[in-house]
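# Inside the fold
Below are the chains, spelled out letter by letter.
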Amino acid sequence: MSKLRVLAPLTQIPLVLSKEIRFFLPSYPIPNSKAFAVVHELCAAGISRSMIWIPGPSEQYTVTSFTRLLFRLPRALFFLLIVVSRAPGLDCIDLQILLGREVFRHFLYRHPMVKPIIISDVSPGLHMLWSAATIAGCGALWWQDDYHHIESLPYPVVAAAVLNHGGYEAVLRSSPLAMIVSRPSVILKPIRPIPDHPRVGIATNNFIVASSEQRELLDQIRQAFGVAELYIRLHPNSKLVPADFPEHWITIAPVDESFEQFASKIDIVVVGNSAVQLRLICEGVPVLHISGLDPHGYDLYGYCKRGFTYGAEIIGNNILSDITTYFNNSESQVRLADYVGVSDNVKLEGLSQLNYCLYGAPRRPYRPKVLVL
């Protein structure tokens, strides 16, 4: 990492917020992204869009980013000098994390009514923000992005929006007093029958690189199903473009095509280690999980082991009939229904109740013990 990257948090965090802002979401909501789902669901629950701060589509090398950098740079250099003098063994990544957390901490002290939204697929930047929110005393809103995010939370939260019972219990373990609300529940659709000549889709994660080996695997899939073409949905953050797949039998879905639109265009989908496979099953699309579409091996999420999706490490000649037989058994749907919902013994309110989370108790006065940016 370039040494100048240590200063990146200075350019990414706003200097001020308008008084009406109550939620801080540090991710731009491109179509089909995690941040897009957050904004869409909060607004659908009656929370005004004007209460949610999001960054611009691209704030790199803009007047805004340079203004933030120049305003914070003197104190940032002094802070780094103090840190390096006390812990000379820290590398550039360590320094960026400490500096980012310090900038976030000061930012949150200046905006005590703002709740950071922590999407559960936690990036290093979100770790900085979450830790800072804990220290600042304002707390954070944890947003369960996917059903398999059920491990214990590394920091406490004051509120959480969960998808299933595993997420609910994960919040209780770390923050028993947190307000826990439910994201809109999924409606399980019956698994569709697979026609003799199915429309085959591919749903990828962000680790596919369109290598020759991966494209050869795609051709093996096409031949195994005996179809003329494949319809591929790339990850919303993927940098790949249709030109990266020169094969005439590959069609890439538009980046703004909704998940439901993609599901309606296919009869069966093949996935690697993508969490989207569970959403596709809920939409009634039969799913085949294989390895080779990414570097993470076979059944990373354990969905095949749990009996939700059909998995095959080797695609045989009878793959279509094997998948049909598997999904004709209704037991997988029963197991899935238990997994994607909250127990009937727990009654959770919807996202609209988060309005009550906007006004916290008065905090202790801000008396920083070290230099704060």
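See the structure above.
Predicted, not measured: the structure shown is a model, and the values here were computed from it.

Within the chain, the secondary structure is distributed over twelve helices and twelve strands. In terms of C-alpha radius of gyration, the chain reaches 23 Å, essentially the compact-globule figure of 21 Å for 373 residues. Viewed in the frame of its principal axes, the chain has a C-alpha envelope of about 70 × 50 × 35 Å. Considering only residue pairs separated by 6 or more positions, the chain has 66% of its internal contacts joining residues 24 or more positions apart. Computed over 33 positive and 31 negative side-chain charges, the separation of the two mean positions in the chain equals 16 Å.

Formed by 61 residues in total, the largest nonpolar core has its most connected members in Leu25, Leu99, Trp142, Val171 and Leu354. Excluding residues within four positions of it along the chain, Val171 makes contact with Trp142, Leu153, Val157, Ala160, Val162, Pro176, Ala178 and Ile180. In terms of nonpolar packing, the next biggest core, distinct from the first, is built from 53 residues, Phe245, Phe259, Ile281 and Leu320 among them.

A few words now on the side chain of Asn273. Looking at the secondary structure, you find Asn273 in the loop between β10 (268-271) and α9 (276-282). Of the residues examined, Asn273 reaches a relative accessible area of 3% and is grouped as buried. Engagement of the side chain of Asn273 in a polar contact is seen with the backbone oxygen of Gly297, the distance being 2.7 Å. Setting aside chain neighbours within four positions, we find Asn273 in contact with Asn205, His289, Asp294, His296, Gly297, Tyr298, Asp299, Leu300 and Tyr301.

Bringing unusual backbone geometry into the picture now. In the Ramachandran plot, Asn32 falls in the positive-phi region, its phi being about 70° despite a non-glycine side chain. A positive phi angle, close to 60°, is found at Ala210, a residue other than glycine. Position of Ala210 among the secondary structure elements: in the loop between β7 (200-203) and α7 (212-225). Here Ala210 falls in the buried class, since its relative accessible area comes to 9%.

With that settled, the discussion passes to the side chain of Asp146. Mapping Asp146 onto the fold places it in the loop between β4 (141-143) and β5 (159-162). Summary of buried charges: Asp146 has no salt-bridge partner, and the nearest side chain of opposite charge, Lys34, is 7.0 Å away. Discounting residues that sit within four places of it in the chain, Asp146 has contacts with Ser120, Leu163, Ala275 and Tyr303.

The next point concerns the sheet that holds strand β8 (residues 230-233). The strand order β9-β8-β7-β10-β11-β12 describes an open sheet built from six strands, whose pairing is parallel. Since the sheet does not close on itself, it has two edges, and those belong to β9 (250-252) and β12 (310-311), each with one partner. Here β8 pairs with β9 via three bridges, running parallel. Residue pairing for β9: Tyr231 is matched across the bridge by Thr251. α7 contacts β7, β8, β9, β10 and β11 (287-289) of the sheet and is inclined by roughly 135° relative to β8.

Enumeration over the complete set of coordinates arrives at zero disulfides. Not engaged in a disulfide, the cysteine Cys304 finds its nearest cysteine sulfur in Cys282; these two sulfurs lie 15 Å apart.

Overall, parallel pairing links the six strands, which are arranged β2-β1-β3-β4-β5-β6 in an open sheet. Unpaired on one side and paired on the other, β2 (52-53) and β6 (179-182) mark the two borders of the sheet. Pairing analysis gives four bridges linking β5 to β6, with the strands arranged parallel. Counted as the bridge partner of Val162 is Ser182 from β6. Across the sheet, helix α5 (residues 124-136) is in contact with β1 (23-24), β3 (115-119) and β4; its angle to β3 comes to roughly 140°.

What follows is about the environment of His248. The residue His248 is located in the loop between β8 and β9 in this model. Judged by its relative accessible area of 75%, His248 is exposed.

Next up on the list: the packing of helix α4 (residues 92-110) against α5. Two elements in contact, α4 and α5, have axes separated by 8 Å at closest approach and are oriented at 45°. With respect to α5, the axis of α4 lies oblique. The two elements α4 and α5 meet at a crossing, and its hand is right-handed. Seen from α4, the contacting residues are Gln96, Ile97, Gly100, Arg101, Phe104, Arg105, Leu108 and Tyr109; seen from α5, they are Gly125, Met128, Leu129, Ser131, Ala132, Ala133, Ile135 and Ala136. Here the contact of α4 with α5 is composed, by residue class, of ten nonpolar, four polar and two charged.

The next point concerns the packing of aromatic side chains. With the rule as written, the count across this model stands at twelve aromatic pairs. Plain terms: the ring middles of Tyr147 and Tyr339 are 6.5 Å apart, the flat faces sit at 45° to each other, and that makes the pair tilted. Taken together, the residues span a long stretch of sequence, with Tyr147 in the loop between β4 and β5 and Tyr339 in helix α12 (residues 331-339) at a distance of 192 residues. Under the relative-accessibility criterion, Tyr339 is labelled buried at 12%. Here the aromatic rings of Tyr301 and Tyr303 are separated by 5.7 Å at their centres, their planes lie at 35°, and the arrangement is tilted. Through a chain of ring-to-ring contacts, the aromatic side chains of Tyr147, Tyr301, Tyr303, Phe308 and Tyr339 assemble into a single cluster. In this structure, Arg279 is placed above the aromatic ring of Phe259, and the distance from its NZ or CZ to the ring centre is 3.9 Å.

It is worth spelling out α4 at this point. The end-to-end C-alpha distance of α4 is 27 Å, a good match for the 27 Å that 19 residues give at a rise of 1.5 Å each. Listing the buried residues of α4 in full gives Leu95, Gln96, Leu99, Gly100, Glu102, Val103, Phe104, Arg105, His106, Phe107, Leu108 and Tyr109. Buried residues in α4 make contact with α1 (8-12), β1, α3 (63-86), β3 and α5.

Thresholds applied
- Residues numbered from 1 in each chain as written.
- Predicted model: local features only at pLDDT ≥ 70, side-chain atom pairs only at ≥ 80, totals over all residues.
- Heavy atoms only, no water.
- Helix = DSSP H or I, 4+ residues; strand = E, 2+ residues; numbered from the N terminus.
- Rg over C-alpha atoms; globule rule 2.2 N^0.38 Å.
- Contact = heavy atoms within 4.5 Å.
- Lys, Arg positive; Asp, Glu negative; His and termini not counted.
- Charge placed at Lys NZ, Arg CZ, Asp CG, Glu CD.
- Core = buried A, V, L, I, M, F, W, Y, C linked by side-chain atoms within 4.5 Å.
- Buried < 20%, exposed > 50% of the residue type's maximum accessible area, 1.4 Å probe, protein only.
- Polar contact = N/O pair within 3.5 Å; in protein donor to acceptor, adjacent residues only side chain to side chain.
- Salt bridge = Lys/Arg side-chain N within 4 Å of Asp/Glu carboxyl O.
- Pairing = 2+ DSSP bridges.
- Axes fitted to C-alpha atoms, helices over the stretch in contact; angles between N-to-C directions.
- Disulfide = S-S within 2.5 Å.
- Parallel < 35°, antiparallel > 145°, perpendicular 65-115°, else oblique.
- Left-handed = near helix turned anticlockwise from the far one by under 90°.
- Nonpolar A, V, L, I, M, F, W, Y, C, P; charged D, E, K, R; others polar.
- Phe/Tyr/Trp six-rings, centres within 6.5 Å; stacked < 30°, edge-to-face > 60°.
- Lys NZ or Arg CZ within 6 Å of the ring centre and 35° of its normal.
- Expected span 1.5 Å × (residues − 1).

Function cannot be inferred from these measures alone, as they are strictly geometric.
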